[in-house]
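Structure at a glance
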Amino acid sequence: MSAHSRKRFASVEALRRFRPETLAEFLRRFPSYIAAHGLQLPPNAAEPDIRYDKLVPLCMDISPDAPTEFQSALFFISAMGSPARREEIEAEAKYRGVTIATHPGCTDHDYAMLTWLQYPDLLEQAYARAAMHQRRTFTYFTIPDDEIKSFKLPTEERRARAEKDINLWFSSSDCGIGAKLIVYPGDPETWFLIRHGEKPNRIPAVDDQGQGFSFFFRPEKYDVVIYNSRYGELKANAGKRLLDDYRYKFADLLFEKAWIFSKRALFTLDPLRTNDPAAISWGAAPEIQSVKLTEVRYELPGSHGTTVTVRSNDLFAEQRPDKPIIPPNAILVREARFEVRFRDSKAPRSVVIKEGNVASYSCDSDSAALEVWMRDRRFIRSWREQGDAKAA
């Protein structure tokens, strides 16, 4: 957890943004830790009585005896104390059917802290939903068509068992304990968020008084795994070393068959070989307003395997009859980038498809509509078309 992740506690000015009564209530949840570091809280939490100067190092220079709950609370409150994040907290509360009790003039900082005081897991869930919808690169795995109907949404018992196994992975790799597996059921996509630590790190830092110190922390990471029950596809955004672990673990969690997900090549860019703009037409996906091909990487024959990359704002618009985008002698179209405009968004977003089983999206939530388009344009192979070839 970096110092930046606790920026709303980084200075006296930042701490004064919290209502004193709310800040004092938060600190009283950790009486032993607060007292051990020489900070006395006033009984009425009047602002002049709070020693903000002592509170800053307590929050920023985390000592080994700091409770895990205290560290997590600092992170989530700081991350969610903004107008945009407040809307996400409100949406999560509405989804759960609960109300956050507030006071008149409640700021975004206060709202995040009050949420943690009343529903700590709600604040984390709201952050998790926001974290899921960032730019992601997904690796895809598939199952045979005749296995798709055997999917089972995991029970709480099976989820807890999988979470325990995931904790063992990370603790044995010096990534700490406390990994969480959060499930977001849906149709056809069920999302899984895995929160875990990474290997510890130590960096030099400077405090508000200009004094240098060594800052020790364990970075936090969120992995995303999504299962599409309509097409039998599992996609994961995680470190390379974890992809096979997740492939087997989620096969067991969802099908009780650890071997079921294959690494076959799901994506192909062969439709682009026609050099025809119809190859990227988007009529099958109503959410999409337009698609442009902006980059292609292909391989030419030869002992050295020459790779050629061509780029443009719109390759099809600039294509000439005597100079196709992809020449006939290209032996493999390895990667393509597209600029996609959605009807509900002013700014274009990008998608990168790689021959094999990897695709990247500007935003996770784009993937469902883009997969409809990719299927319609035959960039996604059927199980039979995937054959026995493994992804590159």
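Quick note: structure is the one above.
Attention in this report is confined to the structure presented alongside it. This structure is a prediction, so every number in the text was calculated from the model and none was measured. (Residues numbered from 1 in each chain as written. Predicted model: local features only at pLDDT ≥ 70, side-chain atom pairs only at ≥ 80, totals over all residues. Heavy atoms only, no water.)

Burial runs high along helix α2 (residues 20-27): 6 of the 8 residues are buried. Listed as buried for α2 are Pro20, Thr22, Leu23, Ala24, Phe26 and Leu27. (Buried < 20%, exposed > 50% of the residue type's maximum accessible area, 1.4 Å probe, protein only. Helix = DSSP H or I, 4+ residues; strand = E, 2+ residues; numbered from the N terminus.)

Counting 80 residues, the largest nonpolar core has Phe26, Leu272, Leu293, Val296, Phe338 and Trp373 as the members making the most contacts within it. It is helix α5 (residues 68-80) that contributes the most residues to this core, 7 residues altogether. Filtering out sequence-adjacent residues up to four positions away, leucine 293 remains in contact with Leu272, Ile280, Ser312, Asp314, Leu315, Phe316, Ile325, Ala336, Arg337 and Phe338. With 25 residues, the next largest nonpolar core counts Ile166, Val225, Ala236 and Leu242 among its residues. (Core = buried A, V, L, I, M, F, W, Y, C linked by side-chain atoms within 4.5 Å. Contact = heavy atoms within 4.5 Å.)

Let us now look at the pairing of strand β8 (residues 288-299). Burial of β8 is extensive: 9 of the 12 residues sit out of reach of the surface. With 10 bridges connecting them, β8 and strand β10 (residues 332-342) associate as antiparallel partners. If you follow valine 291 over to β10, its bridge partner there is valine 340. (Pairing = 2+ DSSP bridges.)

So, about the side chain of glutamate 371. Mapped onto the fold, glutamate 371 is located in helix α12 (residues 367-376). In this structure the side chain of glutamate 371 is engaged in a polar contact, spanning 2.6 Å, whose partner is the side chain of lysine 235. (Polar contact = N/O pair within 3.5 Å; in protein donor to acceptor, adjacent residues only side chain to side chain.)

Counted by the stated rule, this structure contains 28 salt bridges. Residue lysine 152 is joined to glutamate 256 by a salt bridge in which the shortest nitrogen-to-oxygen separation is 3.9 Å. Residue lysine 152 is found in the loop between β1 (136-142) and α9 (156-172), and its partner glutamate 256 is found in the loop between α10 (240-255) and β8; the two are separated by 104 residues along the sequence. (Salt bridge = Lys/Arg side-chain N within 4 Å of Asp/Glu carboxyl O.)

Another aspect to go through is the packing of α5 against helix α7 (residues 108-118). At their nearest, the axes of α5 and α7 sit 8 Å apart, and the two run at 140 degrees to each other. The chirality of how α5 crosses α7 is right-handed. Between α5 and α7, the contacting residues are Glu69, Ala73, Ile77 and Met80 on the first element and Ala112, Met113 and Trp116 on the second. Considered class by class, the residues forming the contact of α5 with α7 number 6 nonpolar, no polar and 1 charged. (Axes fitted to C-alpha atoms, helices over the stretch in contact; angles between N-to-C directions. Left-handed = near helix turned anticlockwise from the far one by under 90°. Nonpolar A, V, L, I, M, F, W, Y, C, P; charged D, E, K, R; others polar.)

This part covers the sheet that holds strand β9 (residues 307-311). Taken in spatial order, the 10 strands make up an open sheet running β2-β3-β6-β7-β1-β12-β11-β10-β8-β9, and their pairing is antiparallel. Both outer strands of the open sheet, β2 (180-184) and β9, are each paired with one neighbouring strand and no more. Strand-to-strand, the axes of this sheet are offset by a mean angle of 20 degrees, without reference to chain direction. With 4 bridges connecting them, β1 and strand β12 (residues 358-361) associate as antiparallel partners. Within β12, the position partnered with threonine 139 by the bridge is valine 358. Sheet strands touched by α10: β1, β2, β3 (189-197), β6 (220-228) and β7 (233-237). Its angle to β3, the strand with the most contacts, is close to 130 degrees.

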